[in-house]
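Each chain, written out:
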Amino acid sequence: MSAAPFKMSVLSVLLLGVALLQSTLTSAPAQAAAPTGFLKSHCYDCHSAAEPAGGLDLSALGWDLSNAENFARWVKIFDRVQQGEMPPPEAERPPAAERERFTQALQQSLLAAEQARFTAQGRTGIRRLTRSEYENTIRDLFAMPGIALAGGLPADGSAHGFDKNSDALDISHVNMARYVEAAEHVLEYATATQPTAPTVQKRRISLMNRGGSVAHVVMNGDGVLLRDKQPDPDFPASGEHRHIDQGAHQRMGAFETGSTVGLFRHEDESFSCYFIEHTTIYPGLYRVRTSLWSFQWDKGKVLPSRGVEAARLSVVQLTGDGRGGQHPSYVLGYYDAPSLESQEHELVQWLNINELIGFNTGSLAPVANYARKGRAMAFTGPGIACDWLDVEGPLHDVWPPVAHQVLFGDLPLVEFQPAEHPGVRPPERIKVRHLGGLNRPDPPAGLWTVGSDQPLVDADRLLARFLPRAFRRPVAAEVRQQYVALAAQRMEAGDCFETAMRWAYRAALCSPDFLYHVEPEGPLDDYALANRLSYYLWNSMPDERLTDLAAAGKLRQPDVLQGEVERLLRDPKSERFVKDFLGQWLNLQKIAANDPDRKLYPEFGPYLQDSMVAETEAYFRELLEKDLDASHLIRSDFAMLNEKLATHYGIEGVSGSQIRRVPLPADCPRGGFLTQASILKISANGTTTSPVPRGAFVLERLLGQAPDPPPPNIPAIEPDVRGATTIREQLDKHRNNTVCASCHAKIDPPGFALEAFDVIGGFRTRYRALGEGDKAPRGSIDPFIGISFLLGPQVDASGQLPDKRTFANVQEFQSLLAAETNLLLTNLARQFAIYSTGRDVAFSDREAIARIVAQTEKEGGGVRTLIRKLTQSELFQSR
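Notes on the structure in this doc start here. Please read all numbers here as calculations on a predicted model, not as lab measurements. Numbering of residues starts from 1 in every chain and runs along the sequence as written. Confidence filtering applies because this is a predicted model: local features only for residues at pLDDT of at least 70, side-chain atom pairs given and counted only at 80 or more, and all residues used for totals across whole chains, interfaces and linings. The basis for every side-chain value is the complete set of non-hydrogen atoms in the structure, without hydrogens or water.

Quick notes on the environment of Gly284
Phase 1 of the analysis: As for its placement among the helices and strands, Gly284 is situated in strand E6 (residues 284-298).
Phase 2 of the analysis: Taking the C-alpha atoms as reference, Gly284 lies 8.6 Å from Pro145; in sequence the two are 139 residues apart.
Phase 3 of the analysis: Other than its neighbours up to four places away in sequence, Gly284 contacts Gln349, Trp350 and Leu351. Under the DSSP-based scheme used, a helix requires at least four consecutive residues in state H or I and a strand at least two consecutive residues in state E, with every element numbered from the N terminus. For this analysis, residues touch if any pair of their heavy atoms sits within 4.5 Å.

This is how it looks when you write it as structure tokens:
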């Protein structure tokens, strides 16, 4: 792909689309005749005639292997015969030698057809950056670690389980328009507009002036004095205390004295109290500190709490009139609030313009349960107190900031004087409406811009440094000169130097050289290898060390490459890989796709859901850190838990909001991904469970054996929430259909085992019901949460695998499945390969995958070892 400047036009997009389309239309030549002798002897009896088994008529199946659908069918036939599934065990089995001859002949035909297609079309299509890759690349390129861009770009598609595949990453005029907007936004944020850094503000904020819909009461004199807090001279308090009259007591949800505010209810589960005194006016890093503790409120008395509670801090983006009320943009984290003892928490966080901090009592039950008595002075129950929130920033180690220096180096900021530059347009400044808060921007003192005495010389020097970093490889001098020419054209048209350079930078950030992974056909060069490695494990561009190794031609050396894999995995940026890979492989990104029925699962809430995701991510990180083997995907003797999850799982001895490694009792069904609450929620529909989607999830995601889609005109099963019948009873009727039986023999066993867990991942021996059943015990459900569900029929978690092995419960199923380490590791290798290369694992890649798995098993079978072996392979190092 050329490195010429990208000119925004619909024609450019159409020409690119035509080129990509032409590359996919070339067909591979047809292959030799089909090896039908074996099929006629052993398969046609069932798979031919008017009603063939499974709807597959082999006698009518075409043999044009250049046809993708046909090719896929023949691959499936190959797999079924090679694995001994077909002919079925109850049928007459062909001699082993005859089966071997058939599979070898079919394999050679498939390999030849695939190679012909690759020769004609290329192995991997051209793929652009995904939304998350784009955002991370901008963040790392400009050292702006929290700039928010992905939400403004069109959603990416998905192919073969991931959004990184070229088949999923089309581009349109809508994409291009959004890339232009994003580039302008980035350049506006990155360019310094004043000669000195903005004043660092230090502000101590109280919830007493919070936004949101919960009223509060100021206890004056005759109220409850929680504690006497002296003001911090470094953090002046802001705002005025709002006094609410006695009539507001009926609506109260908080009490306060001094700067301490105690909360024992919230409006709804997404509600946050907003620290409205401080909304960000300068994007950048801010130091955030808060002091939290918990208590038991007893009709006006403050008593020790029931234990460590958890408060949630979120970042909220204000829009419109700035009065808040939105859901949090994202959760910063959950923070411990111990009993009657303040605990301070500190973090450094990037905040964008018009963002503020939201506070929520994460571990407390919903508001409706606290409003029963009508007023706080009559209430008895748990609460969380927030003494204060300190916000300090923006924090800058240097000025102008690094982002500005990326664009303009060491050129000075000078005050623009129109009289000194006749005919030159001053730089444009986007006016931002600052919402909420009492803080305001420093008053402007003149118009400052980047100065240059030799604009064309400086333009060439700046672009010579910027373009190779942005394009992630060397850039030829003639290509650089085209961008210099863009800047020169703008200056000739009357733009000042800063505006002209931003025009050139915008063109670069919208060019295919920036937006696409540029890789040569065949073996990757060192720069492409550096890119593939960094976008695999960091989801972003290579850093300076990776680039230097590529420039020196050393990256391909096995010891160097292995060292870089280890370095990248140790870096905090590898959390992007953990989140993005798990979000797609295990579908964690859809954890909130449905809300559990409130009557059946009243204990569910955001804190539990966020803890579910945190467990799965922390568990995968533990697999990487300890290099644990593939059996841990299914079963382990530990889990990654906080108090919320431990309580949900019925495990004692865990306190606080932070996820940590917890040993499990010997008979505990937890451990591994299989029985984690996140996976169990994702594979349920929010109301009831079904063995079918859960079984299909296990087959596809963990075993790499995706079941066929259901035949047409087969009605879906509607689970009975009244408690009259079980899902197993309904499935038994469904499985009587011969068309369905063969697939359900594979799908249902893992689904039956996971019936031991409900919609939100709680262990159960009986189903919950709303119509018929027995009174349900409270168990671990918060005493302030009402229970209206009943206990219905008994759960049967037993089953039989297709090979006739049986299990009585989920623990026995775990043991059977965890023993299939080669199968589990092979699937994980495939998932890593698809994710890292941006292409599906082809039929001809199977041997390479088998070698990677064998090498990994030879060194203990660890997940981290698997990543190292993959990156050393030709599969990873070629396009």
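Still to come is the rest of the account.
A word on the sheet that holds strand E18 (residues 774-775)
Phase 1 of the analysis: Paired strands are those between which DSSP finds at least two bridges. Spatially, the three strands line up as an open sheet ordered E17-E19-E18, and their pairing is antiparallel. The open sheet terminates on both sides in strands that have one partner only, identified here as strand E17 (766-769) and E18.
Phase 2 of the analysis: Looking at chain direction, E17 and strand E19 (residues 790-794) are connected through three bridges and run antiparallel. Bridged to Ala769 within E19 is Leu790.

Considering the pattern of salt bridges
Phase 1 of the analysis: Each reported salt bridge corresponds to a side-chain nitrogen of Lys or Arg within 4 Å of a carboxyl oxygen of Asp or Glu. Taken as a whole and judged by the stated rule, the model has 48 salt bridges.
Phase 2 of the analysis: Of the charged contacts, one joins Asp495 and Arg490 as a salt bridge, the two residues approaching to 3.0 Å between their closest N and O atoms.
Phase 3 of the analysis: Assessed through its relative accessible area of 9%, Asp495 is described here as buried.
Phase 4 of the analysis: Three or more residues joined by partner-sharing salt bridges are found here, namely Lys202, Arg204, Arg287, Arg289, Glu344, Glu346, Asp390 and Glu392. Think of it in three bands: with a 1.4 Å probe and only protein chains considered, a residue is buried below 20% of the maximum accessible area for its type, exposed above 50%, and partly exposed in between.

Considering the state of the cysteines
Phase 1 of the analysis: Any two cysteine sulfur atoms within 2.5 Å of one another count as a disulfide. On inspection of all chains with the given rule, the structure shows zero disulfides.
Phase 2 of the analysis: Free cysteine Cys43: the closest other cysteine sulfur is in Cys46, separated by 8.5 Å.

Digging into helix H17 (residues 606-626)
Phase 1 of the analysis: By this rule, a helix spans an expected 1.5 Å times one less than how many residues it contains. Given a rise of 1.5 Å per residue, 21 residues ought to cover 30 Å, and the 30 Å separating the end C-alpha atoms of H17 matches this to within 8%.
Phase 2 of the analysis: Once H17 ends, the next one or two residues include Asp627, with phi positive near 55°.

Focus: the packing of helix H24 (residues 821-837) against helix H26 (residues 863-872)
Phase 1 of the analysis: For the pair H24 and H26, interaxial distance at closest approach is 10 Å and the crossing angle is 50°. Judged by the angle between their axes, H24 and H26 are oblique. Every pair of crossing elements has a handedness; the one defined by H24 and H26 is right-handed. Contacts between H24 and H26 involve Leu825, Leu828, Ala829, Phe832, Ala833 and Ser836 from the first element and Val863, Leu866, Ile867 and Leu870 from the second.
Phase 2 of the analysis: The residue makeup of the contact of H24 with H26, split by class, is nine nonpolar, one polar and no charged. To obtain each axis, a line is fitted to C-alpha atoms, and for helices this fit is confined to the stretch in contact; angles are then taken between N-to-C directions over 0 to 180 degrees. An angle below 35 degrees is treated as roughly parallel, one above 145 as roughly antiparallel, one from 65 to 115 as roughly perpendicular, and anything else as oblique. In a left-handed crossing the near helix is turned counterclockwise from the far helix by less than a right angle, and in a right-handed crossing that turn is clockwise. Note that Gly is not counted as nonpolar here; it falls among the polar residues with everything else outside the nonpolar set of Ala, Val, Leu, Ile, Met, Phe, Trp, Tyr, Cys and Pro and the charged set of Asp, Glu, Lys and Arg.

Looking at the packing of aromatic side chains
Phase 1 of the analysis: Two rings from Phe, Tyr or Trp (for Trp, the six-membered ring) form a pair when their centres are within 6.5 Å of each other. A pair whose planes differ by under 30 degrees is stacked, one over 60 is edge-to-face, and the rest are tilted. Following the criterion strictly, the structure yields 30 aromatic pairs and no others.
Phase 2 of the analysis: Ring geometry for Phe142 versus Phe466: centroids 6.2 Å apart, planes at 45°, classification tilted. Separated by 324 residues along the polypeptide, Phe142 in helix H5 (residues 131-142) and Phe466 in helix H9 (residues 455-471) bring together distant segments of the chain.
Phase 3 of the analysis: Its relative accessible area of 0% is what places Phe142 among the buried residues.
Phase 4 of the analysis: For the ring pair Phe162 and Phe581, a centre distance of 5.8 Å and an interplane angle of 15° mean the geometry is stacked. Highlighted residues: Phe162 in the loop between H5 and helix H6 (173-190) and Phe581 in helix H16 (residues 574-585), separated in sequence by 419 residues. Accessibility classification places Phe162 together with Phe581 in one group, the buried group.
Phase 5 of the analysis: The ring of Phe638 has Arg661 lying over it, and the distance from NZ or CZ to the ring centre is 3.7 Å. When the NZ atom of lysine or the CZ atom of arginine is within 6 Å of a ring's centre and also within 35 degrees of its normal, the charge is said to sit over that ring.

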